[in-house]
Amino acid sequence: MEYYETIEEVWGGENMKRFILCALAALFLLLCGCGEKAKDAVPDFVGFVPSFMVAGDVDTVFSMNRESAAGFAWTTVQNGGAILPAVLLSDVVAAAVPRAARYDLLLVGTDGLASLIGGGDLEGCYIAYSEQYAWECVNEMHPISSKIKLLREIVVVSDADMLDPRAVGLVDAEGSRRVTAGQLRLGAYQFELSFEGRSEINGRDVTVFTPRRSVPLAPLLREEGMHAIVGRDGAIAYEYSLSAIAFEIGDTTLAYKDMRDVAGIMADAPLFNITDVYTDALRFLEQGERVLIIELDGWGWVMYNRAEQPFLGGLNAARCLAVYPPISPVGLASMLTGELPSVHGIHDRYNRELAVEDIFAKVAAMGKEAAYVEGNTTLIKAFLSPTLSPDLNGENGTDDEVFANAVAAMADMPDLLFVHFHGIDDIATAFGPYAPETMAKIAYIDALVAELAALWQGCIIITSDHGLHETEDGGAHGVFCAEDMLVPYIIVRSGGF
């Protein structure tokens, strides 16, 4: 064994170099180990671990708890004098999938204290965990008032200028606008307990309540009269008194009574609905009259009032409510079945199977004949297969082919003839609903309809499945607004021209 007599001998030369290298290696391994643990290891939760949720204008409510915390990459953040395990705030919010591209975040503590921060720049924003304050917001680049302790909820609030696909449309004399559950959380609302039930045992009873956040509709709309409340499933409820209507602010949606997801509310709403096509047509058929139904796809009420239509403009058109969502397959299904989407089962462009009987099956059961003329595609699977009308000459879209097929179908003298023109929707989508090209298309179809009306002997119903609203690129439809949801409705009987 080798002995050293002095400090210099111990720490000098090669011994010193070896010591320093070993020490640096040990320090490196220690730091690497700590980094991996901070990044990948969930905190050692001890005892009861409360949870918080991310709600508001999101696709799904996300709950942060002991189990879900394991799905995040963890790091550490300094908060005051403490080093706390933490995850990025942006990662937590992303787990709920915000519906709009721009949004704010309302950070709410269990004591009710809340802070609103922008969601566009979340650099330096963390959700930390400690035994003292449970979930805690640590926002290094924001004012200290944003550091909400004992976090209970994060409410995502869509930017008012961004299109939130599940915003609720509000329509009155002042126009159309949209509001979301998250946005209403920033205003005044009532917090109340809703009675759920009562039970009794051993002479003792318990009454159960659930908490509700509600906001009256009166401050949001400026008009009295008949109001149509439309659900996202296509159901419709009518309410005359504005003061009787209140939204319940849910976690991600707005509700009205049993309608758990409201799509929109229209003030001074018409009682006519495009489902009346079915009812009116059958009534005339039962009276022995032949019926021609003409659907002008995309022909909205506002467009009707702006366009030059020598024939259609001279008829007595009524305002009519389309169904939600205001898209072609859904509207067509409602006309053919007389039912709302909540009943007939068509809610989008993908499902084509009707859940109820359509008018063609009803006509067949009556022992009568029907014919159906479509554009170049079949939108839904009806009892009667349509005569398709692809564009054969490259002119006027499919409208001239639809017209020719309709004239040919009339020669067979059907009791019911359904004719679907698509050109207005096609042109209005490309150029905008009030563009000169769209006005010219409406005038062209107006002339075709006039010719069909002159050839038909019987009752004629003329309406549309939806209207369109203007966009930067042209036109679109599918949202709850006056332009999309209001269409003309015309009934003319023999000799009424």
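Attention here is on the structure that accompanies the text. Since we're looking at a predicted model, the values are computed, not measured. (Residues numbered from 1 in each chain as written. Predicted model: local features only at pLDDT ≥ 70, side-chain atom pairs only at ≥ 80, totals over all residues. Heavy atoms only, no water.)

**Considering the overall build of the chain**
Phase 1 of the analysis: A tally of helices and strands in the chain yields 13 helices and 26 strands.
Phase 2 of the analysis: Relative to the 2.2 N^0.38 estimate, which gives 23 Å for 497 residues, the radius of gyration of the chain is 32 Å and therefore markedly larger than a compact globule would have.
Phase 3 of the analysis: For the chain, buried positions account for 50% of its 497 residues.
Phase 4 of the analysis: For the chain, the share of sequence-separated contacts (at least 6 apart) that also reach a separation of at least 24 residues comes to 65%.
Phase 5 of the analysis: For the chain, the exposed area adds up to about 23700 Å²; of that, 54% sits on carbon and sulfur atoms.
Phase 6 of the analysis: Taken together, the 33 basic and 70 acidic charged side chains of the chain have centroids lying 6 Å from each other. (Helix = DSSP H or I, 4+ residues; strand = E, 2+ residues; numbered from the N terminus. Rg over C-alpha atoms; globule rule 2.2 N^0.38 Å. Buried < 20%, exposed > 50% of the residue type's maximum accessible area, 1.4 Å probe, protein only. Contact = heavy atoms within 4.5 Å. Areas by Shrake-Rupley, 256 points an atom, 1.4 Å probe, with all protein chains shown as cover. Lys, Arg positive; Asp, Glu negative; His and termini not counted. Charge placed at Lys NZ, Arg CZ, Asp CG, Glu CD.)

**A closer look at a nonpolar patch on the surface**
Phase 1 of the analysis: A contiguous nonpolar patch, built from Phe191, Leu193, Phe195 and Phe209 and spanning about 460 Å² of accessible area, is present on the exposed surface.
Phase 2 of the analysis: When residues of the nonpolar patch are assigned to their parent elements, the largest contribution, 3 residues, is made by strand β12 (residues 190-201).
Phase 3 of the analysis: If you trace the backbone, Phe209 turns up in strand β13 (residues 204-216). (Patch = residues over 30% accessible without salt bridge, like charges linked within 9 Å, V, L, I, M, F, W, Y side chains within 5 Å. Salt bridge = Lys/Arg side-chain N within 4 Å of Asp/Glu carboxyl O.)

**As for the pattern of salt bridges**
Phase 1 of the analysis: The full count for this structure, using the stated rule, is 17 salt bridges.
Phase 2 of the analysis: In this structure, the salt-bridge partner of Lys257 is Glu239, at a minimum N-O distance of 3.5 Å. With a gap of 18 residues between them, Lys257 in the loop between β17 (254-255) and β18 (262-266) and Glu239 in strand β15 (residues 236-239) connect regions that are remote in the sequence.
Phase 3 of the analysis: Look at Lys257 and you get exposed, because its relative accessible area is 57%.
Phase 4 of the analysis: When its relative accessible area of 16% is taken as the criterion, Glu239 is described as buried.
Phase 5 of the analysis: With a shortest N-O distance of 2.8 Å, Asp280 and Arg283 are connected by a salt bridge.

**Section: helix α11 (residues 423-431)**
Phase 1 of the analysis: Taken residue by residue, α11 has Gly423, Ile424, Asp425 and Ala428 as its buried positions.
Phase 2 of the analysis: Following α11 by one or two positions, Gly432 adopts a phi angle in the positive range, close to 110°.

**Examining the packing of aromatic side chains**
Phase 1 of the analysis: Inspection of the entire model under this criterion finds 12 aromatic pairs.
Phase 2 of the analysis: Considering the side-chain rings of Phe52 and Trp135, the 5.7 Å spacing of their centres and the 75° angle between planes classify their relative orientation as edge-to-face. Remark: Trp135 occurs in strand β8 (residues 134-139) and Phe52 occurs in strand β1 (residues 52-56); sequence separation between them is 83 residues. Of the two residues, Phe52 and Trp135, both sit in the buried class.
Phase 3 of the analysis: Residues Phe272 and Tyr489 carry aromatic rings whose centres are separated by 5.6 Å and whose planes lie at 20° to one another, so their mutual orientation is stacked. One end of the pair, Phe272, is in the loop between β18 and α5 (276-286); the other, Tyr489, is in strand β26 (residues 486-492), with 217 residues separating them in the sequence.
Phase 4 of the analysis: You can call Phe272 partly exposed: its relative accessible area is 38%.
Phase 5 of the analysis: Judged by its relative accessible area of 3%, Tyr489 is buried.
Phase 6 of the analysis: Feature note: the residues Phe45, Phe52, Trp74, Tyr129 and Trp135 constitute an aromatic cluster, connected by ring pairs.
Phase 7 of the analysis: Note that Arg283 overlies the ring of Phe284, its terminal NZ or CZ placed 4.9 Å from the centroid.
Phase 8 of the analysis: A cation over a ring is seen here: Arg306 above Tyr434, with NZ or CZ 4.0 Å from the ring centre. (Phe/Tyr/Trp six-rings, centres within 6.5 Å; stacked < 30°, edge-to-face > 60°. Lys NZ or Arg CZ within 6 Å of the ring centre and 35° of its normal.)

**What about the environment of Lys147?**
Phase 1 of the analysis: In this structure, Lys147 sits in the loop between β8 and β9 (151-158).
Phase 2 of the analysis: A relative accessible area of 26% means that Lys147 is categorised as partly exposed.
Phase 3 of the analysis: With 59 residues separating them in the primary sequence, Lys147 and Leu88 have C-alpha atoms 14 Å apart.
Phase 4 of the analysis: Other than its neighbours up to four places away in sequence, Lys147 contacts Asn79, Cys137, Val138 and Asn139.

**Some points on the pairing of strand β4 (residues 82-88)**
Phase 1 of the analysis: Here strand β3 (residues 75-79) runs beside β4; their pairing, made up of 5 bridges, is antiparallel. Bridge pairing in β4 places Gln78 opposite Ile83.
Phase 2 of the analysis: Taking the residues between adjacent antiparallel strands as the criterion, β3 and β4 are bridged by 2 residues, where Gly80 takes a positive phi near 65°.
Phase 3 of the analysis: Both β4 and strand β7 (residues 125-130) contribute to a ladder of 3 bridges, which runs antiparallel. (Pairing = 2+ DSSP bridges.)

**A few points about unusual backbone geometry**
Phase 1 of the analysis: With an omega of -5°, the peptide bond running from Tyr324 to Pro325 counts as cis.
Phase 2 of the analysis: Among the structural elements, Pro325 can be located in the loop between β20 (318-321) and α7 (328-337).
Phase 3 of the analysis: Despite not being glycine, Lys257 has its phi angle at roughly 55°, a positive value.
Phase 4 of the analysis: Located in the positive-phi region is Asn396, a residue other than glycine, with phi close to 60°.

**Description of the packing of α11 against helix α12 (residues 436-455)**
Phase 1 of the analysis: In contact at an axis separation of 9 Å, α11 and α12 are set at 175° when each is read in the N-to-C sense. One element, α11, and the other, α12, form an angle in the roughly antiparallel class. Residues Gly423, Ile424, Ile427, Ala428 and Phe431 of α11 pack against Glu437, Thr438, Lys441, Ile442 and Ile445 of α12.
Phase 2 of the analysis: Looking at side-chain class alone, the contact of α11 with α12 contains 6 nonpolar, 2 polar and 2 charged residues. (Axes fitted to C-alpha atoms, helices over the stretch in contact; angles between N-to-C directions. Parallel < 35°, antiparallel > 145°, perpendicular 65-115°, else oblique. Nonpolar A, V, L, I, M, F, W, Y, C, P; charged D, E, K, R; others polar.)

**Here's the deal with the sheet that holds strand β21 (residues 370-373)**
Phase 1 of the analysis: Pairing is mixed across the open sheet formed by 6 strands, whose spatial order is β20-β26-β23-β19-β22-β21. With one partner strand each, in any of the chains shown, β20 and β21 form the two edges of the open sheet. Neighbour to neighbour, the strand axes of the sheet diverge by 20° on average, direction disregarded.
Phase 2 of the analysis: Here 4 bridges tie strand β23 (residues 459-463) to β26, and the two strands are oriented antiparallel to one another. Note on β26: the bridge partner recorded for Ile461 is Ile491.
Phase 3 of the analysis: Those strands touched by α12 are β19 (291-296), β22 (416-421) and β23, and its axis lies near 175° from that of β19.

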